[in-house]
Amino acid sequence: MRKRTLFGLAAGTVAAGAATLAYASLVERNMFTLRRYDVPVLPADAEPLRVLHLSDLHMMPDQRRKQQWVASLAALDPDLVVVTGDNMAHPDAVPGVLRALQPLLDYPGAFVFGSNDYTGPVWKNPFTYFLPHREYAEGAALPYEELRDVLTGAGWADLNNARTSVKAGGRLVELVGVDDPHIGQDDYPAVAGPVTPTADLSIALAHAPEPALLDQMAADGFGLLLAGHTHGGQVCVPGYGALVTNCGLPRAMAKGLHRWPGSDSWLHVSAGLGTHPTAPVRFACPPEASILTLTPR
């Protein structure tokens with residue numbers, strides 16, 4: 001009787017694990033979700049401004065459902081589109097990324113790159129994400145210059161260690177960004193400095209939300225900080241949240257909108273729209289894009 005009970009428990013555990021894996025890989029990974037947040041960063045009496053934040057598409061050439069869903073977001077009629085990196089996951093991914101972004105290129109936009117815009121993913125043991133100082137492994141080179149040319153050709157601002165201003169929603173928006181801190185490509189000192197007083201709004205971008213970098217951006221007065229990279233934890237525990245963030249950001253800030261500690265700035269971390277191709281699962285953390293409605297303070 002005891003052996004039968006143990007066998008039954010083991011079989012039940014295996015079946016539950018298989019069902020969970022099937023759900024995470026076949027269902028939730030494709031449950032594209034639009035998040036909505038109100039962010040009080042505008043001057044008093046200002047009209048709201050809508051920012052569409054996309055991140056971590058990790059696009060494969062055949063992911064037509066994802067491409068169509070992202071393209072449909074143009075119906076939101078955003079004032080500004082911001083993309084915070086890791087667009088590609090395959091050397092032939094550029095056409096798929098462009099199918100997703102093409103309808104959005106008619107709007108003002110800005111972008112930074114992540115490590116998986118430069119090199120493709122490689123297989124890795126998922127448990128290494130729990131290591132604080134694991135070695136970064138590069139995969140095949142990706143056509144990031146081709147993607148950059150298309151985005152800048154459409155008028156989007158390349159903010160990889162750059163600073164500029166754009167007109168969006170009838171407002172002057174000051175933008176700053178850095179290349180991916182996750183691989184040491186960021187150079188914020190090259191573009192640092194207090195925000196311009198005449199700007200109606202200031203936004204800072206980075207792929208990986210490293211706290212030391214966010215502190216500097218907030219200290220310069222950037223009211224809205226946007227990042228991705230964490231995948232929201234990708235595999236989360238209901239009631240507990242993300243297990244890891246793959247950077248120095250606290251787990252409690254792995255996704256969503258948060259007031260950045262010690263400042264008047266707001267941080268929005270996108271859980272992103274894709275997964276690492278060798279770990280195509282999401283659990284308690286569906287893929288997402290966010291529409292941020294900026295409102296008066």
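An unreviewed UniProt entry lists the chain under the name Calcineurin-like phosphoesterase domain-containing protein, with Micromonospora matsumotoense as the source organism.

## Here we look at the environment of Val 150
Within the fold, Val 150 resides in helix α5 (residues 144-153). The spatial distance from the C-alpha of Val 150 to the C-alpha of Val 94 is 9.6 Å, given a sequence separation of 56 residues. With sequence-adjacent residues up to four places away left out, Val 150 is seen in contact with Leu 98 and Leu 105.

## Some thoughts on the sheet that holds strand β1 (residues 33-42)
Backbone-to-backbone hydrogen bonds pair the strands of a sheet. The strands run either parallel or antiparallel. Pairing is mixed in the open sheet, where six strands are placed in the order β1-β14-β2-β3-β4-β5. If you trace the sheet from one side to the other, it starts and ends with β1 and β5 (157-158), each paired once. One ladder, built from two bridges, connects strand β4 (residues 109-112) with β5; its direction is parallel. Considered in β5, the bridge of Ala 110 is made with Ala 157.

## Quick word on the environment of Tyr 240
Among the structural elements, Tyr 240 can be located in the loop between β10 (236-237) and β11 (241-242). Assessed through its relative accessible area of 49%, Tyr 240 is described here as partly exposed. Remark: the alpha-carbon pair of Tyr 240 and Arg 251, spanning 11 residues in sequence, is separated by 9.6 Å. For Tyr 240, the side chain forms a polar contact with the side chain of Arg 251, separated by 3.2 Å.

Scoring rules and cut-offs
Residues numbered from 1 in each chain as written. Predicted model: local features only at pLDDT ≥ 70, side-chain atom pairs only at ≥ 80, totals over all residues. Heavy atoms only, no water. Helix = DSSP H or I, 4+ residues; strand = E, 2+ residues; numbered from the N terminus. Contact = heavy atoms within 4.5 Å. Pairing = 2+ DSSP bridges. Buried < 20%, exposed > 50% of the residue type's maximum accessible area, 1.4 Å probe, protein only. Polar contact = N/O pair within 3.5 Å; in protein donor to acceptor, adjacent residues only side chain to side chain.

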